[in-house]
Amino acid sequence: MTRFVVVLSVLVLLAAVFFLAARLVSVAQRTALPDDLAAAAQARVEERIRPIGRVATADDVEEDAPENGEPARRSASDIYRAVCAACHDTGAAEAPLKGDEGIWADRLGQGLDTVVQHAIEGIGAMPARGGASLSDEEVRAAVVYLLEESGQTVDNGAPEAVAEADAEAEPDVPAEPEAEAVAGDPTAGQAKFATCIACHGAQGQGMGIFPKLAGHTAEEIVDLLTRYRAGETVGPNTPLMAPQAVTLSDEDIANLAAYIETL
Ligand code: HEC
Ligand code: HEC
């Protein structure tokens with residue numbers, strides 16, 4: 001009898017041990033993620049711990065380049081947004097903020113050439129050329145843009161050489177860049193407007209938080225879109241609108257404005 005009890009106890013004990021071991025194995029299997037899931041989780045973690053104000057690299061900028069292999073002619077504001085805004089719009093790395101007139105008046109006190117030279121060579125926490133492969137002219141144009149956006153009058157010997165190169169190619173055209181900028185093509189604008197309808201309505205009539213566009217002059221539309229594109233906060237719902245504007249070229253904006261004016 002005693003022996004029977006002993007044997008039974010041993011069996012029960014063994015059963016318990018097997019049961020626990022089986023559980024352990026199945027838990028381990030469930031917690032081990034398949035490789036691709038693990039990689040995705042890893043990427044998400046990296047995304048979250050990535051430092052803010054990541055420096056856009058030359059590759060980021062080059063994505064905007066035209067496909068025909070021609071050297072990209074980027075406007076000063078494009079360069080600024082792609083490379084400099086990461087720090088100068090956010091204050092990352094304690095960069096002086098765009099729009100802070102006092103700070104930039106101080107900086108400009110050193111003379112434009114010196115300030116440009118610093119941006120080319122790097123200064124303090126700022127990497128040379130903002131960390132991108134920009135030409136001297138492009139850095140200069142971006143500096144001038146940054147200064148002008150910060151309320152400084154810049155007397156630049158070769159202003160906007162990058163942005164205005166096209167305008168200079170046609171000397172007969174009276175130098176009225178503003179008027180020229182809004183002379184868009186309403187038909188092309190209408191085609192482009194297809195992407196705006198979802199929010200602003202087919203007639204630009206607006207709805208709820210999406211403002212009415214009809215009734216604005218072309219100049220107003222150009223001004224607003226340019227500001228959204230430059231990363232400026234315009235109204236309370238700017239985060240919804242800004243991504244729509246960043247991909248627009250100057251020509252797109254002019255065309256859209258010409259079309260919206262007819263609504
Ligand atoms: C990684 C962040 C970062 C990026 C990107 C960056 N800057 Fe800066 N920038 C700074 C910081 C920080 C300073 C202040 C450095 C100091 O004075 O110690 C600065 C200073 C400057 C100055 C003032 C120089 C002076 O002499 O006082 C100019 C002009 C400037 N940046 C222009 C640019 C332009 C144009 C770009 C884009 C091509 C750019 N920055 C990209 C961080 C950045
Ligand atoms: C995802 C929805 C959405 C799309 C798509 C969209 N917008 Fe907007 N848009 C908004 C919102 C929201 C605002 C208001 C933002 C704010 O508070 O500053 C706005 C504001 C504007 C304004 C300023 C109007 C004013 O009176 O202040 C203009 C101009 C504009 N959008 C033009 C366009 C154009 C042109 C397109 C197409 C290329 C477009 N939007 C596509 C959501 C959108």
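Rules of the game
- Residues numbered from 1 in each chain as written.
- Chains lettered and ligands numbered in written order.
- Predicted model: local features only at pLDDT ≥ 70, side-chain atom pairs only at ≥ 80, totals over all residues.
- Heavy atoms only, no water.
- Donors = N, O, S within 2.8 Å, 3.2 Å for Na, K, Ca; no water.
- Tetrahedral: all angles 85-135°; square planar, octahedral: opposite > 155°, others 65-115°.
- Helix = DSSP H or I, 4+ residues; strand = E, 2+ residues; numbered from the N terminus.
- Near = heavy atom within 4 Å.
- Polar contact = N/O pair within 3.5 Å; in protein donor to acceptor, adjacent residues only side chain to side chain.
- Nonpolar A, V, L, I, M, F, W, Y, C, P; charged D, E, K, R; others polar.
- Salt bridge = Lys/Arg side-chain N within 4 Å of Asp/Glu carboxyl O.
- Buried < 20%, exposed > 50% of the residue type's maximum accessible area, 1.4 Å probe, protein only.
- pLDDT = per-residue confidence, 0-100.
- Contact = heavy atoms within 4.5 Å.
- Core = buried A, V, L, I, M, F, W, Y, C linked by side-chain atoms within 4.5 Å.
- Expected span 1.5 Å × (residues − 1).

Chemist: Hey, could you run me through the coordination of the iron atom of ligand 1 in this one?
Modeler: On the protein side, the iron atom of ligand 1 has H88 (NE2) and M126 (SD) as donor atoms, found 2.0 to 2.1 Å from it. With 6 donor atoms in place around the iron atom of ligand 1 and angles of 87 to 179° between them, the coordination shape is octahedral. Taken together, the residues span a long stretch of sequence, with H88 in helix 4 (residues 76-88) and M126 in the loop between helix 6 (112-121) and helix 7 (136-149) at a distance of 38 residues.

Chemist: Just to check I follow, could you spell out the site of ligand 2 for this structure?
Modeler: In the neighbourhood of ligand 2, 23 residues make up the surrounding shell, with C196, C199, H200, Y228 and M241 lying closest. In this structure, an oxygen atom belonging to ligand 2 sits 2.8 Å away from a side-chain N or O atom of H216. G235 places a polar main-chain atom, nitrogen or oxygen, 2.7 Å from an oxygen atom of ligand 2. Mapped by element, the contributors of at least two residues to the shell around ligand 2 are helix 11 (197-200), helix 12 (218-229), helix 13 (238-246) and helix 14 (250-260). In the shell around ligand 2, the residues fall into 16 nonpolar, 7 polar and no charged.

Chemist: What am I meant to see in the pattern of salt bridges here?
Modeler: Pairing between side chains becomes possible if they bear opposite charge and their charged atoms approach one another. According to the stated counting rule, one finds 9 salt bridges in the structure shown. A salt bridge links R140 to D113, with the nearest nitrogen and oxygen atoms 3.0 Å apart. Placement of R140 in helix 7 and of D113 in helix 6 is noted, with a sequence separation of 27 residues between them. Classification of R140 as partly exposed rests on a relative accessible area of 21%. The exposed category is assigned to D113, whose relative accessible area is 53%.

Chemist: Before we go on, may I ask you to explain the site of ligand 1 in this structure?
Modeler: Taken together, 24 residues sit near ligand 1, with C84, C87, H88, H118 and M126 positioned nearest. R107 is positioned with one of its side-chain polar atoms (N or O) 2.6 Å from an oxygen atom of ligand 1. H118 has a polar side-chain atom sitting 2.5 Å from an oxygen atom of ligand 1. Those elements giving two or more residues to the shell around ligand 1 turn out to be helix 4, helix 5 (101-108), helix 6 and helix 7. Of all the elements, helix 4 adds the most residues to the shell around ligand 1, at 4 residues. Residue composition of the shell around ligand 1, grouped by class: 18 nonpolar, 5 polar and 1 charged.

Chemist: What exactly am I supposed to notice about the confidence of the model for the protein here?
Modeler: For the protein, the mean per-residue pLDDT works out to 79, and 71% of the residues sit at or above 70. Note that pLDDT drops below 50 for residues 173-181; the model gives that stretch 2 contacts with residues more than four away or on any other chain.

Chemist: Just checking my understanding: could you explain the coordination of the iron atom of ligand 2 for this structure?
Modeler: Six octahedral donors around a metal ideally make angles of 90 or 180 degrees; four tetrahedral donors ideally make 109.5 degrees. Each protein donor to the iron atom of ligand 2 is listed here as H200 (NE2) and M241 (SD); together their distances run 2.0 to 2.1 Å. Because the angles between the 6 donor atoms bound to the iron atom of ligand 2 fall within 86 to 178°, the donor set is best described as octahedral. Taken together, the positions of H200 in helix 11 and M241 in helix 13 put the pair 41 residues apart, joining distant regions of the chain. For the pair shown, H200 and M241 are each scored as buried.

Chemist: Which parts of the structure should I look at to understand the nonpolar core?
Modeler: Where a protein is soluble and globular, its nonpolar side chains tend to be buried together. One finds Y80, L112, L134, V139, V143 and L147 to be the most contacted residues of the largest nonpolar core, which totals 25 residues. Breaking this core down by element, the ones donating at least two residues are helix 4, helix 5, helix 6 and helix 7. Here this core takes 8 residues from helix 7, the largest share from any one element.

Chemist: I tried to follow helix 14 on my own but got confused; where do I start?
Modeler: One full turn of an α-helix is made of 3.6 residues, so residues set three or four places apart face in the same direction. Most of helix 14 sits out of view: 9 of its 11 residues are buried. Among all positions of helix 14, only D252, I253, A254, N255, L256, A257, A258, Y259 and I260 are buried.

Chemist: Please clarify how helix 7 should be interpreted in this entry.
Modeler: End to end, helix 7 covers 20 Å across 14 residues, agreeing with the expected 20 Å (1.5 Å per residue, within 8%). Within helix 7 the residues assigned to the buried category are E138, V139, A141, A142, V143, V144, Y145, L146 and L147. Next to the buried residues of helix 7 lie helix 4, helix 5 and helix 6. At the exit of helix 7 stands G151, carrying a positive phi of roughly 80°.

Chemist: What am I meant to see in the side chain of S77 here?
Modeler: Checked against the element boundaries, S77 lands in helix 4. Overall, S77 belongs to the buried group, its relative accessible area being 13%. Setting aside residues up to four positions removed in sequence, S77 forms contacts with Y145 and R229.

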